[in-house]
Amino acid sequence: AGAGGAGGRPARPVAAGPDLGRVLQRALREPGAPPYDSVQAMVDDLKLIPDFRPVPGAPGGALHLTRLFLRRNRLALGAGVVVGALLLGVGSAGWRAYQRGAAQTQRADQVQAFLAEHLPGPVPGADGQPPDIAVEAPRLQQALETARFGFPGDPVLRGQVITALGRRFSALGQPDQAQAVLQEAVTLLQGTANAADPALHAARVALAQQLLQAGEA
């Protein structure tokens, strides 16, 4: 898996968003942040992030909550709702959040299209039956190689696809490969995505969950 940005350069550090930052503060027992009393409590907070729901105690105020609301409800928000939000004071920040939400929806659709093309059928193990590793692992590895050289000009989309493939490796029962692939996705997105991009948060959450699973094994 890649360990740096383009050209082998180390990936530049990227600040966590308000919600992930709050999780890290509590996990690292920083001053002023109550520590988690269980791993499950941390997992529960991490699960809020990809759903665009606020983590309790996270900073950011009303604007942050508005952005999360827009992202959660981007499919239901029509032009009239956006205009109403603008009139209520969200202004240009709300409009930019809506545009980002539309772009994120388009990328999510492209991720699903890639998975449907290269990995048709249900997620391994989703039907309750043990996956056929001999069949599924080579297909998944081939999809990963395709993703690594695909999506020219859109590295963030490439990072989202690699994140989805990392989750597939985890579902296939290959934790070491899953961790390496998810780390690759995080490294790629840290060097290409905006610090507040949900794609970066989702990759970090997936990697954190994989690391927690490995620690509990």
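The shown structure was predicted, so the numbers you read here are calculated from the model rather than taken from an experiment.

Caption draft 1: Region of the structure containing the nonpolar core. Core analysis: the largest hydrophobic core is formed by 30 residues, its most contacted members being Phe114, Leu115, Ala147, Val161, Leu165 and Leu189. When residues of this core are traced back to their parent elements, those giving at least two are helix H5 (91-118), helix H6 (133-148), helix H7 (155-171), helix H8 (175-192) and helix H9 (198-216). When residues in this core are grouped by element, the largest group, seven residues, is from H7. Leu115 has contacts with Pro120, Ala164, Leu165 and Arg168, leaving out every residue within four places of it along the chain. Residues Val23, Tyr36, Met42 and Leu46 belong to the second largest nonpolar core, which totals 11 residues.

Caption draft 2: Region of interest: the pattern of salt bridges. Under the definition given, this model contains five salt bridges. Put simply, Glu145, Arg148 and Glu184 are held in one network by salt bridges that share partners.

Caption draft 3: Structural detail: the side chain of Asp197. For Asp197, the location among the structural elements is in the loop between H8 and H9. The residues touching Asp197, leaving out its near neighbours within four places in the chain, are Arg107 and Val156.

Caption draft 4: Layout of the packing of H7 against H8. Across the interface, H7 lies against H8 with an axial gap of 8 Å and an inter-helix angle of 165 degrees. Classified by the angle their axes make, H7 and H8 are roughly antiparallel. When you trace H7 past H8, the crossing you get is left-handed. Across from Pro155, Val156, Arg158, Gly159, Ile162, Thr163, Leu165, Gly166, Arg167, Phe169 and Ser170 in H7, the residues of H8 making contact are Gln177, Ala178, Val181, Leu182, Glu184, Ala185, Leu188, Leu189 and Thr192. In terms of residue class, the contact of H7 with H8 is built from 11 nonpolar, six polar and three charged.

Caption draft 5: Expanded view of the packing of aromatic side chains. With the rule as written, the count across this model stands at one aromatic pair. Measuring from centroid to centroid gives 5.7 Å for Phe114 and Phe151, while their planes differ by 55 degrees, and the two rings are tilted. Of this pair, Phe114 sits in helix H5 while Phe151 sits in the loop between H6 and H7, and the two are 37 residues apart along the sequence. Phe114 sits in the buried class, given a relative accessible area of 6%. The side chain of Arg26 reaches across the aromatic face of Tyr36, ending 4.1 Å from its centre.

Cut-off values and rules
- Residues numbered from 1 in each chain as written.
- Predicted model: local features only at pLDDT ≥ 70, side-chain atom pairs only at ≥ 80, totals over all residues.
- Heavy atoms only, no water.
- Core = buried A, V, L, I, M, F, W, Y, C linked by side-chain atoms within 4.5 Å.
- Buried < 20%, exposed > 50% of the residue type's maximum accessible area, 1.4 Å probe, protein only.
- Helix = DSSP H or I, 4+ residues; strand = E, 2+ residues; numbered from the N terminus.
- Contact = heavy atoms within 4.5 Å.
- Salt bridge = Lys/Arg side-chain N within 4 Å of Asp/Glu carboxyl O.
- Axes fitted to C-alpha atoms, helices over the stretch in contact; angles between N-to-C directions.
- Parallel < 35°, antiparallel > 145°, perpendicular 65-115°, else oblique.
- Left-handed = near helix turned anticlockwise from the far one by under 90°.
- Nonpolar A, V, L, I, M, F, W, Y, C, P; charged D, E, K, R; others polar.
- Phe/Tyr/Trp six-rings, centres within 6.5 Å; stacked < 30°, edge-to-face > 60°.
- Lys NZ or Arg CZ within 6 Å of the ring centre and 35° of its normal.

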